[in-house]
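Residues per chain, in single letters:
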Amino acid sequence: MSGTADVYTQATLSPSKLELLAPWLVQQSWFEGDAADLERVAFFRFVDPDGEVGLDSMLIASGGAIYHVPVTWRGSELEGGELIGTLEHSELGTRYGYDATTDPVYVSELVRVITEGDTGSAITNVETGEPLPATAEVAGSGVTPGVDVQGAVRLIRVLDAEHEDTHAARGVLTATWTHDGVEREDVLAVLR
């Protein structure tokens, strides 16, 4: 397990995460949903080894499709990252939300989880100290010893059979979760 993520369950966010994501999502070539119809149906977390960056992965339903949308949350701007927008967090102040694929902390942790065969982090409610269940369990496949792991990692954004291309994969990140009462297993990222 890749550490413990602390979450403020009683914090207020302005705008909400989905309100922040809506205008950004409609600009993405892979998004074919409706910005007015977003629903977070599952989530999981990774942990920044330095404890500075929030690594938040959401599965979002819209227009009959499920989208994989990881976001990093930072206390200051990231040079070279694709800024989604900012929100005010009642406990942490201004948070800068970035497309996680442009944040080196997220990419490094994603590759590590895949290559080491690790899982998502545990999640703790900061206010109570109680554990919170992630609604998606993720696991890296691991990489066979001796295989070069210095490849490129590709996120799968649309979770369906058409977009799940694992051709020539050296490792994958898989999520197991339940949607509308049906258990699913989806590949979320591919290391080539």
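Rules used throughout
Counting of residues starts from 1 at the beginning of each chain's written sequence and follows it residue by residue. Whole-chain, interface and lining totals are the exception, using all residues; otherwise, since this is a predicted model, local features are given only for residues with pLDDT of at least 70 and side-chain atom pairs are given and counted only at 80 or more. Computation of side-chain values covers all heavy atoms of the structure but excludes hydrogens and water. Any two strands with at least two DSSP bridges between them are considered paired. Only DSSP runs of H or I covering at least 4 residues are called helices, and only runs of E covering at least 2 are called strands; the numbering of each starts at the N terminus. Every residue pair with non-hydrogen atoms within 4.5 Å of one another is taken to be in contact. Here the axes come from fitting lines to C-alpha atoms, over the contacting stretch only for helices, and the angles between their N-to-C directions go from 0 to 180 degrees. Salt-bridge detection follows one rule: a side-chain nitrogen of Lys or Arg within 4 Å of a carboxyl oxygen of Asp or Glu. Whether a residue is buried, partly exposed or exposed follows from its accessible area with a 1.4 Å probe, protein chains only, as a fraction of its type maximum: under 20%, in between, or over 50%, in that order. Polar contacts here mean pairs of N or O atoms no more than 3.5 Å apart (in protein, one a potential hydrogen donor and the other a potential acceptor; neighbouring residues in sequence count only if both atoms are side-chain atoms).

Trainee: Please explain the sheet that holds strand β3 (residues 39-47) as it appears in this structure.
Mentor: Sheet strands pair via backbone hydrogen bonds, and the direction of the pair is either parallel or antiparallel. Reading across the sheet, the 6 strands line up as β2-β6-β7-β5-β4-β3 and stay open at both edges, with antiparallel pairing between neighbours. Sheet topology places β2 (13-14) and β3 at the edges, where each strand pairs with a single neighbour. With 6 bridges joining them, strand β6 (residues 83-89) and strand β7 (residues 93-99) adopt antiparallel strand pairing. Each residue of the ladder has a partner; that of E88, found in β7, is T94. Along the sheet, helix α1 (residues 17-25) contacts β2, β3, β4 (54-62), β5 (65-74), β6 and β7; its crossing angle with β6, the most-contacted strand, is approximately 165°.

Trainee: Would you mind going over the pattern of salt bridges with me for this structure?
Mentor: A complete count under the given rule lists 9 salt bridges for this structure. One salt bridge connects R112 with E109, and the closest N-O pair in it is separated by 2.7 Å. Placement of the pair is R112 and E109 together in helix α2 (residues 104-116), with a separation of 3 residues, close to one helical turn. For E109, a relative accessible area of 5% puts it in the buried group. A salt bridge links D186 to R184; the nearest nitrogen and oxygen atoms lie 3.0 Å apart. Overall, the relative accessible area of 22% leaves R184 in the partly exposed class. Taken together, the shared-partner salt bridges in this structure form one network comprising E109, R112, E116 and D118.

Trainee: I keep staring at the side chain of Q28 and nothing clicks. Help me out?
Mentor: Looking at where Q28 falls in the secondary structure, it is placed in the loop between α1 and β3. Of note is the side chain of Q28, whose polar atom sits 3.0 Å from the backbone oxygen of W24.

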